[in-house]
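# Inside the fold
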Amino acid sequence: MQVHAAHPDVLVKVLDVPEADYECVMVNSPWPERGLLKGDIILCNVSSEGGEGNIVMIEEAGHVRLGILSSPGYLETPFGFRPLEASERIVGVGVVLARRLAQGGADFTIGVSTD
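These lines cover the structure that appears in this document, whether it is placed above or below. (Residues numbered from 1 in each chain as written. Predicted model: local features only at pLDDT ≥ 70, side-chain atom pairs only at ≥ 80, totals over all residues. Heavy atoms only, no water.)

### So, the overall build of the protein
Check the secondary structure of the protein and you find 1 helix and 8 strands. Each helix (α) and strand (β) of the protein, taken in turn from the N terminus, gives the series β-α-β-β-β-β-β-β-β. Relative to its full complement of 115 residues, the protein shows a buried share of 24%. In the protein, of all internal contacts separated by at least 6 residues, the share reaching a separation of at least 24 is 40%. Surface exposure of the protein reaches about 8200 Å², of which carbon and sulfur atoms provide 55%. (Helix = DSSP H or I, 4+ residues; strand = E, 2+ residues; numbered from the N terminus. Buried < 20%, exposed > 50% of the residue type's maximum accessible area, 1.4 Å probe, protein only. Contact = heavy atoms within 4.5 Å. Areas by Shrake-Rupley, 256 points an atom, 1.4 Å probe, with all protein chains shown as cover.)

As structure tokens, then:
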């Protein structure tokens, strides 16, 4: 899914994310050692240039998935490092992690103390 982050968006205003189009990819299996939970959303920019430790979007046979770049040409997996396959190519680099903290319609009230 593609989204556009623009000036009024909280991502742009608070997190200083550049205004641009991003591809959204959902994490489909947890990786607690890297802080990723199932259902997390990664916003990726279109780029083939990731750095060490970057979350990258990998395209293979028309399908995309996420990976972590350990060094140029190598991916980090829960089982160690492996080279990129000839059929895999990096098509995006993660710039934002989004996570839902509460399910449903939570009602929050902020109280102000006058003490």
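### Focus: the pattern of salt bridges
Per the stated rule, a full pass over the model turns up 7 salt bridges. Salt-bridge contacts for Asp 40 lead to Arg 99; the nearest nitrogen and oxygen are separated by 2.6 Å. Residue Asp 40 is found in the loop between strand E2 (20-26) and strand E3 (41-46), and its partner Arg 99 is found in the segment after strand E8 (89-98); the two are separated by 59 residues along the sequence. With a closest N to O distance of 3.9 Å, Glu 85 and Arg 82 form a salt bridge. For Glu 85, a relative accessible area of 45% corresponds to the partly exposed category. Since its relative accessible area comes to 25%, Arg 82 is described here as partly exposed. Through salt bridges with shared partners, a single network forms among Glu 60, Arg 65, Arg 82, Glu 85 and Glu 88. (Salt bridge = Lys/Arg side-chain N within 4 Å of Asp/Glu carboxyl O.)

### Considering the environment of Ser 71
Note on placement: Ser 71 falls in strand E5 (residues 63-71). Distance in space between the C-alpha atoms of Ser 71 and Gly 50 is 8.7 Å, their sequence separation being 21 residues.

### Here we look at the side chain of Asp 40
Overall, the relative accessible area of 2% leaves Asp 40 in the buried class. A polar atom in the side chain of Asp 40 sits 2.8 Å from the backbone nitrogen of Leu 37. Sequence-distant contacts of Asp 40, that is, excluding residues within four places in its chain, are made with Val 25, Met 26, Val 27, Gly 35, Leu 97, Ala 98 and Arg 99. (Polar contact = N/O pair within 3.5 Å; in protein donor to acceptor, adjacent residues only side chain to side chain.)

### Some thoughts on unusual backbone geometry
Even without glycine at this site, Ala 61 takes up a positive phi of about 55°. Summarising the element assignment, Ala 61 is placed in the loop between strand E4 (55-60) and E5.

### Observations regarding the state of the cysteines
For the coordinates displayed, the defined rule picks out 0 disulfides. Not part of a disulfide, Cys 44 finds its nearest cysteine sulfur in Cys 24, a span of 8.4 Å. (Disulfide = S-S within 2.5 Å.)

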